Amino acid sequence: MTFSSLTFLFLFLPVSVAAFYLIPARFRTARKIVLLALSVLFYAWGDASLLPVLLLSVCFNYFSGVQISALKEKNNLSAARFVMISAVAVNAGALAFFKYAGVAFPLGVSFYTFSAISYILDLYMDRAEADKNFLNAAFYMLFFPKVISGPIVEYKDMQEQIREMKAASREEFCGGLYLFLIGLFKKVLIADPVGITFDRLQASSQVSAGTAWLTLIFYSLQLYFDFSGYSDMAIGLARTFGFSFEMNFDYPYTSSSPTEFWRRWHISLGRWFRDYVYIPLGGNRCSRSRQLLNLSVVWILTGLWHGNTLPFLFWGIYHGAFVILDKFCLKGFHEKAPKAFQVFLTTLMAFFGWSFFFNPTLADWGTFAGRLIGIGAAGAIDGTFLYNLRTNAILLVIAFIGCGPWIRRLHEKFIYREKGSAAFWASAAVHAVLFVFTIGNMVGSTYQTFLYFRF
């Protein structure tokens, strides 16, 4: 069961909201237990056989956190450090085992393991208060809007919200539903149709250079709308229950540099690596050579986190090299080059980088990269290119416009803030029509899971 399934939309979500809000606000623990039970059910619905792995992780990290807090209270810092290192090593080792040993891969293991490490490190570094309440730790790791594909909310940013369990105000609740709908529209109306065309292009036996570029463009758009759509849905869902999560995407394809792109793409993952890897290694408050090493470690780990094949490792190295180049060598370029040209080059860098994701081996990637420049390609353009470009022209235009903030800005300026006006009700009607159209697409098309469920 995922957020874009009919079962979730018409069964799980309304039951969850009703069960939560039917409990009076003063019974915070009861509300917490209900959401915990629903979160376990949500996960089990998608991966019941490996649910024990997740529950074992919850228990292990809770008891590790309790031990760390107790040792720090006794000022036994060396022992607390040993427990912290051991707990992080166990989490990282378990993640590496599931990714690289070829065994069954638990749903969401990459995400909930990083949440677990955040829990341990925030307690050790005194970024969060010691908490011996098992329900709070379990809720942090299991909360269903974020357990499978994030966002990776740090424990320090969620601890107080879990303790208070404040219900959403009417504006927060409606805003959460609105954001959820936007994510649903991204997923069903853009990402899924784009993904169908990508699959068809990827299966082509004879590929021209034009078809290769079209394949790259379709995958890049699918990945953005699929993952940003999921993130919008997750953040919106959390908001309907009174939890405030930071946005996970900020129109990354409008960035004018590699560094800016990675401040806008999968923001929660970048923040996690900054807070728990880059800064502890010394960050940028050290020599240039050490900073280069710190950045290299972060990007190698980022590549390894994403996947267990060599192309993912090379993807991390690829982006690390561009970020390092941007930080140390391109200042003059940014000052002189037109911004539109910088945005074009940054987007090209990002699009080409995704080719590592959909090619299972480096040999496959090399073949694909060669076709982009005409090596091994069946000419410059072919019938496959022309047909897919023509039949998807409107979808491509909508997708490229949707990569920027222009629609949102117009909506907020002229409609969203004019509550009660004719424009406001017209906006509500448009969203209702889109929702009906989305449901029709979901009923009449083949279900597609979210791409980041595979990472």
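Before any of the text, the structure's been laid out above.
Residues numbered from 1 in each chain as written. Predicted model: local features only at pLDDT ≥ 70, side-chain atom pairs only at ≥ 80, totals over all residues. Heavy atoms only, no water.

Focus on the overall build of the protein chain
Looking only at helices and strands, the protein chain has 20 helices and 0 strands in total. Taking 2.2 N^0.38 as the reference for a compact globule, 455 residues should give roughly 23 Å; the C-alpha atoms of the protein chain span a radius of gyration of 23 Å, in line with that estimate. Counting only C-alpha atoms and orienting by the principal axes, one finds that the protein chain spans roughly 70 × 60 × 45 Å. Every one of the 455 residues in the protein chain was classed for burial, and the buried ones make up 52%. Considering only contacts in the protein chain between residues 6 or more positions apart, those separated by 24 or more positions represent 76%. Accessible surface, the protein chain: about 20,500 Å² in total, of which carbon and sulfur atoms supply 66%. Across the protein chain, the mean location of the 38 positive side-chain charges is 2 Å away from that of the 26 negative side-chain charges. (Helix = DSSP H or I, 4+ residues; strand = E, 2+ residues; numbered from the N terminus. Rg over C-alpha atoms; globule rule 2.2 N^0.38 Å. Buried < 20%, exposed > 50% of the residue type's maximum accessible area, 1.4 Å probe, protein only. Contact = heavy atoms within 4.5 Å. Areas by Shrake-Rupley, 256 points an atom, 1.4 Å probe, with all protein chains shown as cover. Lys, Arg positive; Asp, Glu negative; His and termini not counted. Charge placed at Lys NZ, Arg CZ, Asp CG, Glu CD.)

A word on the layout of surface pockets
Computed from the structure, the largest pocket encloses a volume of approximately 1,200 Å³. Around the largest pocket, the lining comprises 33 residues; the ones closest to its centre are Y178, I182, K186, I407 and R408. Those elements that provide at least two residues to the lining of the largest pocket are α8 (170-202), α9 (209-240), α18 (393-402), α19 (406-416) and α20 (422-444). Examining the composition of the lining of the largest pocket, we find that 8 residues originate from one element, α8, more than from any other. By residue class, the composition of the lining of the largest pocket is 20 nonpolar, 7 polar and 6 charged. (1 Å grid on protein atoms, 1.4 Å probe; cavity = no way out; pocket = protein on both sides within 12 Å on 5 of 7 lines; lining within 4 Å. Points joined across faces, edges and corners; volume = space filled by probe spheres on them. Nonpolar A, V, L, I, M, F, W, Y, C, P; charged D, E, K, R; others polar.)

Some details on the packing of aromatic side chains
Taken as a whole and assessed by the stated rule, the structure comprises 60 aromatic pairs. Pairing W315 with F357 gives two aromatic rings, centres 5.0 Å apart and planes at 55°, and the pair type is tilted. A residue pair is termed long-range when its members are at least 10 positions apart, and W315 in helix α13 (residues 310-329) and F357 in the loop between α15 (339-353) and α16 (362-372) qualify at 42 residues. Like W315, the residue F357 is buried in the burial classification. Ring geometry for Y318 versus F356: centroids 5.7 Å apart, planes at 55°, classification tilted. Of this pair, Y318 sits in helix α13 while F356 sits in the loop between α15 and α16, and the two are 38 residues apart along the sequence. (Phe/Tyr/Trp six-rings, centres within 6.5 Å; stacked < 30°, edge-to-face > 60°.)

Quick look at the pattern of salt bridges
Per the stated rule, a full pass over the model turns up 16 salt bridges. Among the ionic pairs, K187 bridges to D226, the shortest N-O distance being 2.8 Å. One end of the pair, K187, is in helix α8; the other, D226, is in helix α9, and 39 residues separate them in sequence. Judged on exposure class, the residue K187 and its partner D226 are both buried. Of the charged contacts, one joins R264 and D250 as a salt bridge, the two residues approaching to 4.0 Å between their closest N and O atoms. Taken together, the positions of R264 in helix α10 (residues 258-264) and D250 in the loop between α9 and α10 put the pair 14 residues apart, joining distant regions of the chain. Three or more residues are tied together by salt bridges with common partners; here these are D122, R127, E154, K156, D157, R274 and D275. (Salt bridge = Lys/Arg side-chain N within 4 Å of Asp/Glu carboxyl O.)

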